[in-house]
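The residues making up each chain are set out below.
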Amino acid sequence: MIRSLVLKDLLIEIKSKEIISSMIAFGISVILLFAFSFRASPSQVYFFAPGLLWMIFIFISIILLNRIFNLEMENKSYEILFSSPVDKSTIFLSKCISSLIFLIFSQIIITPIFFLFLQINFPENLLFFLIIIFFVDLGICSIGSIISGSIMKIRSNEILLPILFFPMITPLIISAVKSTDLIFNNHPFVDWKIWFQLILSFSVIFLFSGYLLYPHVTNE
Amino acid sequence: MSSEIKFFHQNIYSKLFGLLIIFSWLILNYFVLFVTRIDPYQEMAQKIFYFHVPSAWVAGIAYLVVMISGINYLRTKNNYWDYVGYASAEIGTIFCALVLITGPIWATPIWGTSWSWEPRLTTVLIMFLIYLGYFSVRNFGKSLTTIKSISATIGVLAFLNVPIIYFSVKFWAEEVQLHPQPEMMEQPVDIYYTFLFSLIVFFMIYMYLLNYRIHILKIKSKLENILEDY
């Protein structure tokens, strides 16, 4: 069931291309703004790079999370979705997975451009970097899906989402920036193990709580 | 007039409870200012501890109550739990604001700086911000049942986040672990009992305000029901 729900989201996106194209366009414009606002040497930029990179990822994930549930508001298709014989937790998981796919896809395009435009080198521990990105994305998508999925019926939910989402993900972003910083500077796993554990526990806790809470939020 | 729409102060128990709180508040202030010893290092600045720490405790308890009533509301959809959760969130945020005000007042002379990214202070600040979002949800929404479920969810998620926020800030800024870690059991008798007394007084204030807000929210929803009927 999850598979067909995710495929539905992917199919809509392949036809319309509106979410990913706006995420990528927005991400690149933010990179440009960063590149123009700090005219610093690459070594200085390298020092700030982890924080800048994660700020861009959070900004694009806001666009993603706003759209992913508003898709269902068009033609009131959420009514059909919620009245279909699907467990609501499954709907939550499917939204989580499809937003994870969209986020990773746009990050694959944005990250090389980030390193290119800010003229800094790719990290040597690429595998560790990708692992961190994956698990932080999982955390962002799980808490983002539950917040965006619950507020989708409120008017001006586009404004509410960042107000609720930003403070909630502070621990995740602290851990992401710290661990990315340590990976960029070639530190061994022992040094950033504690951050990885925090990221993992955040993702798991909010994935499970979303899974348990979502049916009750949408139940009227 | 039916007995249901009594004013809050017409209830004899809440009246007595209110008077008791005023009386104990005066006693607490007397103890804090004149009875407890003056700290040799921090001098009068240490006195704010009798207000800062209980505020933080009450804020924590209030947010725990928000989470518990949020879970209960999502399970039972009973409006009573929504009133408890909303009222407790309001009071918790007020006490959070008190912590954020009294903290820097104390820190300015002692640390020499008003703000430091200290885990407890930062956790309180982030909780405060999350709850500002909680109140905007309550203000933005039109349909009441949806709003109630959403705010219950946010209350649960916010409290689950507390330990993660605390530890991430703790490891993030390891060089600013300046927060005093006093062992209460080892304190002299006058400090220890005054502190316990201030905890009780703050908790009583919390209970009183909670009752009062629940009362108001009940009346409000009654009024809304009457208006809907017209």
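Since this is a predicted model, take the numbers as computed values, not measurements.

Asker: Explain the overall build of chain B here, please?
Answerer: Scanning chain B from terminus to terminus reveals six helices and zero strands. Per-residue burial for chain B yields a buried fraction of 32% across its 230 residues. The contacts of chain B with a sequence gap of at least 6 include a subset with a gap of at least 24, amounting to 79%.

Asker: Is there a simple way to think about the overall build of chain A in this case?
Answerer: Tallying secondary structure elements over chain A gives nine helices and zero strands in all. Rg of the C-alpha trace for chain A: 18 Å, near the compact-globule value of 17 Å for 220 residues, within the 12% margin. Its C-alpha atoms give chain A principal-axis dimensions of roughly 55 × 35 × 30 Å. Looking at the 220 residues of chain A, the share that counts as buried comes to 42%. When contacts within chain A are restricted to residue pairs at least 6 apart in sequence, long-range pairs at least 24 apart make up 85% of them.

Asker: When you look at the packing of helix α2 (residues 49–76) of chain B against helix α6 (residues 189–229) of chain B in this model, what are you seeing that I'm missing?
Answerer: Residue and element names in this part refer to chain B. Where α2 contacts α6, the two axes come as close as 9 Å, and the packing angle between them is 45°. Taken together, the axis directions place α2 and α6 in an arrangement best described as oblique. Judged by the sense of rotation from one axis to the other, the crossing of α2 with α6 is right-handed. Contacts between α2 and α6 pair Tyr50, Pro54, Ser55, Trp57, Val58, Ile61 and Ala62 from the former with Thr194, Phe195, Ser198, Leu199, Phe202, Phe203 and Tyr206 from the latter.

Asker: Please clarify how helix α5 (residues 88–117) of chain A should be interpreted in this entry.
Answerer: Note that an α-helix has 3.6 residues per turn; residues three or four places apart therefore point the same way. With 30 residues, α5(A) should cover 44 Å at 1.5 Å per step; its first-to-last C-alpha distance of 43 Å lies within 8% of that length. In the segment just after α5(A), A:Gln119 is the residue with positive phi, at about 55°.

Asker: Looking at this structure, how should I read the interface of chain A and chain B?
Answerer: Contacts between chain A and chain B engage 26 residues on the former and 28 residues on the latter. Looking at the side of chain A that touches chain B, the elements that each hand over two or more residues are α6 (126–151), α7 (157–168), α8 (170–184) and α9 (189–218) of chain A. Here the side of chain A that touches chain B takes nine residues from α9(A), the largest share from any one element. Residue classes in the side of chain A that touches chain B are distributed as 15 nonpolar, seven polar and four charged.

Asker: Before we go on, may I ask you to explain the confidence of the model for chain B in this structure?
Answerer: Low pLDDT marks stretches whose predicted atomic positions should not be read closely. Residue and element names in this part refer to chain B. For chain B, the average pLDDT comes to 85, and 90% of its residues sit at 70 or higher. At the level of individual helices and strands, chain B shows its lowest average pLDDT in helix α5 (residues 144–172), which scores 87, and its highest in α2, which scores 93. Among the scores for the predicted complex, ipTM is 0.87 and pTM is 0.88.

Asker: I keep staring at the packing of helix α3 (residues 42–70) of chain A against α7(A) and nothing clicks. Help me out?
Answerer: The axes of two packed helices give the description: the angle between them and the distance between them. Residues and elements named next belong to chain A. Where α3 contacts α7, the axes come no closer than 10 Å and their chain directions differ by 130°. Judged by the angle between their axes, α3 and α7 are oblique. Of the two elements, α3 crosses α7, and the hand of that crossing is right-handed. Note on element contacts: α7 touches α3 through Glu158, Leu161, Pro162 and Phe165, opposite Ile62, Leu65 and Asn66. Residues that form the contact of α3 with α7 fall into these classes: five nonpolar, one polar and one charged.

Asker: Is there a simple way to explain the environment of B:Asp190 in this structure?
Answerer: All names here are of chain B. Tracing the sequence through the fold places Asp190 in helix α6. In the structure, Asp190 is positioned 29 residues away from Ile219 in sequence and 44 Å away in space, judged by C-alpha atoms. Beyond its immediate stretch of four places on either side in the chain, Asp190 contacts Val35, Thr36 and Arg37.

Asker: Before we go on, may I ask you to explain unusual backbone geometry in this structure?
Answerer: Negative phi is the rule for most residues except glycine; trans is the rule for most peptide bonds. Residues and elements named next belong to chain A. The backbone of Lys76 sits at a positive phi, close to 55°, despite the residue not being glycine. Summarising the element assignment, Lys76 is placed in the loop between α3 and α4 (77–83). The exposure class of Lys76 is exposed, given the 9 C-beta atoms found within 10 Å.

Asker: Please explain α5(B) as it appears in this structure.
Answerer: Between its first and last C-alpha, α5(B) extends 40 Å over 29 residues, near the 42 Å set by a 1.5 Å rise per residue. Considering bend angle alone, the principal kink of α5(B) is centred on B:Val162 and spans about 35°; proline B:Pro163 follows within four residues of it.

Asker: Please clarify how the environment of B:Phe135 should be interpreted in this entry.
Answerer: All names here are of chain B. Mapped onto the fold, Phe135 is located in helix α4 (residues 119–140). Taking the C-beta count within 10 Å as the criterion, Phe135 has 15 such neighbours and is therefore assigned partly exposed. In the structure, Phe135 is positioned twelve residues away from Thr123 in sequence and 18 Å away in space, judged by C-alpha atoms.

Asker: Looking at this structure, how should I read the environment of A:Phe189?
Answerer: Residues and elements named next belong to chain A. By secondary structure assignment, the location of Phe189 is in helix α9. Under the C-beta neighbour-count criterion, Phe189 is labelled exposed, with 12 such atoms within 10 Å. Note: C-alpha distance between Phe189 and Ser179 (ten residues apart in sequence) is 9.4 Å.

Conventions adopted
Each chain carries its own residue numbering, running from 1 in the direction its sequence is written. Naming scheme: in the order in which they are written, chains are lettered from A and ligands are numbered from 1. Side-chain atom pairs in this predicted model are given and counted only at pLDDT of 80 or more, local residue features only at pLDDT of at least 70, and totals for whole chains, interfaces and linings cover all residues. Strands are runs of DSSP state E lasting at least two residues, helices are runs of H or I lasting at least four, and both sets are numbered from the N terminus onward. Around each residue's C-beta, the other C-beta atoms within 10 Å are counted; 20 or more make the residue buried, 12 or fewer make it exposed, and counts in between make it partly exposed. All C-beta atoms are placed from the backbone. By the convention adopted here, residues are in contact when the distance between their C-beta atoms, placed from the backbone, does not exceed 7 Å. Radius of gyration here uses only the C-alpha atoms, and the compact-globule reference equals 2.2 Å multiplied by the residue count raised to the power 0.38. For helices, the fitted line uses only the C-alpha atoms of the stretch in contact; every axis is such a line through C-alpha atoms, and the angle between N-to-C directions lies from 0 to 180 degrees. Should an angle fall under 35 degrees it is taken as roughly parallel, and over 145 as roughly antiparallel, whereas 65 to 115 is taken as roughly perpendicular and any remaining angle as oblique. Handedness of each helix crossing follows the sense of rotation of the near helix against the far helix: counterclockwise by less than a right angle gives left-handed, clockwise gives right-handed. Multiplying 1.5 Å by the helix residue count minus one yields the expected span of that helix. By the convention adopted, Pro, Cys, Tyr, Trp, Phe, Met, Ile, Leu, Val and Ala count as nonpolar, Lys, Arg, Asp and Glu as charged, and the other residues, Gly among them, as polar. The predictor's confidence in any single residue is recorded as pLDDT, a number from 0 to 100. Across the chain, bend at a residue is computed as the angle between axes fitted to the seven residues ending at that point and the seven starting from it.

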